[in-house]
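# Coordinates in review
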Amino acid sequence: MSQHNTHALPSYLDPGHLGPWGIYLEQVDRVTPYLGRQAKWVETLKRPKRVLIVDIPVELDDGTIAHFEGYRVQHNVSRGPGKGGVRYHQDVTLSEVMALAAWMSVKAAAVNLPFGGAKGGIRIDPRNYSRAELERITRRYTSEIGSIIGPHKDIPAPDVNTNAQTMAWMMDTYSMNQGATTTGVVTGKPIALGGSLGRVEATGRGVFVVGTAAAEQNGIPVEGARICVQGFGNVGGTAARLFYEAGAKIVAVQDHTGTVHNASGLDVLRLLKHVEETGGVAGAPDSEPLNADEFWGLDTDILIPAALEGQIHEGNADRIRARIIVEGANGPTTPEADDILNDKGIFIVPDVLANAGGVTVSYFEWVQDFSSFFWTEDEINARLERMMHTAYSSVAGVAAQHKVSLRTAAFIAACSRILEAREVRGLYP
Ligand SMILES: NC(=O)c1ccc[n+]([C@@H]2O[C@H](COP(=O)([O-])OP(=O)(O)OC[C@H]3O[C@@H](n4cnc5c(N)ncnc54)[C@H](O)[C@@H]3O)[C@@H](O)[C@H]2O)c1
């Protein structure tokens, strides 16, 4: 670094407590040696382009006034407008939103979507507020970040504790301020408001598509393959159903209510119905219960973590006997566990590739909103499959070329694309 270079860390971060942003910086350092000539531009990845912190004052139902801290971070917009969800959680921090925004830059570029990365959040536990209060909070937050979002600037979407209704309020607030109905400002909207068919299942379907590609690459026929799934919600439930319909055996499923096992394969359609009726997999018909820890030691072909972050860690990675792991969740594997699994020769399809189906159909939603012309579900699923296949092959090609894991390869492919865009755009002024 030249003596004229700027500081390595922005002054608004505490070097002693970097949090998730620190993990992201480590990941960038790991791929830098593979970036060749473009490594010259790597500092651009290590600082977000724009960070907005807003105060959200709201009158609560009892007449008192509360203030909430809100964020919108645009990590990189070299390849297109920012894209990324809005999270409502009491523990949201600036470091976390920065890291999530950066991972969105990586995910969009890994799948070659014309988006940059962004993320937003409010420090709030939404369970403590009424629907009317959440609507006012969402509307004020949208207004406060309104100057930096927009269909050509930055397009929010749902994330933890936000949903299609939240997006409808955001879209309406933005439209009111603009004086024009602007459906393309957010994705993950209700179908009645320019949402896309296939969006709900998109992430699980993407997990199935790349999981099948990984199985083929490793010589494992999907028909008859044994699969364990952690998390049986939107992502895990959909992926499990698609693998089941393709002839795989879902031998164990774990969710927040318990773990169920059947060595000859669970009836996934009955299990989905059971979860709908009872709220969880515990007590499912034709299954035996396992304790939570036994789940990780099961002999299986494919393991799909699709629940929370940090589930595969130093404490259980050693016992995992899967041949392939397909990361449906965001960040399910800690960096320490990742090293252990790689040493054991377990083939991992990383989150930035495996769960990119959701943002891919969000991209379709944005495109459909611009043209006000909506595609059929079959068209959407076919296009999703094509994009996920192309992304998988291109990342697998990079992995073979550099003899690295798919995770490192996905970062190399993504960072190279972002920095190439940075380079050809040049610096303004
Ligand atoms: N929904 C999407 O489009 C999407 C896109 C990309 C990534 N993801 C990621 O996928 C993961 C799952 O998201 P989702 O939309 O399916 O959520 P969801 O709320 O529909 O389902 C979550 C599942 O995890 C289970 N779970 C919760 N706590 C658990 C615990 N302690 N042990 C075991 N299981 C537990 C729940 O019981 C539920 O089955 C998250 O990491 C999310 O960030 C989701």
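Residues numbered from 1 in each chain as written. Predicted model: local features only at pLDDT ≥ 70, side-chain atom pairs only at ≥ 80, totals over all residues.

### With respect to the domain arrangement of the chain
Partitioning the chain into structural domains gives domain 1 (1-47), domain 2 (49-181) and domain 3 (201-354). Look at where the C-alpha atoms of domain 2 and domain 3 centre, and you get two points 30 Å apart. (Domains from an automatic or database assignment.)

### Quick word on the site of the ligand
Surveying the vicinity of the ligand reveals 19 residues, the closest of which are Gly231, Gly233, Asp255, Ala329 and Gly358. Listed by contribution, the elements that provide at least two residues to the shell around the ligand are α6 (234-245) and β7 (249-255). Within the shell around the ligand, the residues separate by chemical class into six nonpolar, twelve polar and one charged. (Near = placed C-beta within 6 Å. Helix = DSSP H or I, 4+ residues; strand = E, 2+ residues; numbered from the N terminus. Nonpolar A, V, L, I, M, F, W, Y, C, P; charged D, E, K, R; others polar.)

### Structural notes on the sheet that holds strand β1 (residues 50-59)
Each strand in a sheet pairs with another by means of backbone hydrogen bonds, the pair being arranged parallel or else antiparallel. Strand order in the open sheet formed by five strands is β1-β2-β4-β3-β5, and the pairing between neighbours is mixed. Taken across any chain shown, the strands that pair with only one partner, and hence form the sheet edges, are β1 and β5 (154-158). Within this sheet the neighbouring strands show an average axis-to-axis angle of 25°, counted without direction. Two elements, β1 and strand β2 (residues 65-76), share ten bridges in a ladder whose sense is antiparallel. Across the sheet, the residue bridging to Val51 is Val73, located in β2. (Pairing = 2+ DSSP bridges. Axes fitted to C-alpha atoms, helices over the stretch in contact; angles between N-to-C directions.)

### Considering the packing of helix α5 (residues 199-217) against helix α11 (residues 377-402)
Think of two packed helices as two axes; the pair is described by the angle between the axes and how far apart they sit. With their axes 10 Å apart at the nearest point, α5 and α11 run at an angle of 45° to one another. In this view, α5 runs oblique relative to α11, as classed from their interaxial angle. Here α5 and α11 pass one another in a crossing that is right-handed. Residues Ala202, Arg205, Gly206, Val209, Val210, Ala213 and Gln217 of α5 form the contact with α11, whose own contacting residues are Asn381, Leu384, Glu385, Met388, His389, Tyr392 and Ala396. In terms of residue class, the contact of α5 with α11 is built from eight nonpolar, four polar and two charged. (Parallel < 35°, antiparallel > 145°, perpendicular 65-115°, else oblique. Left-handed = near helix turned anticlockwise from the far one by under 90°. Contact = placed C-beta atoms within 7 Å.)

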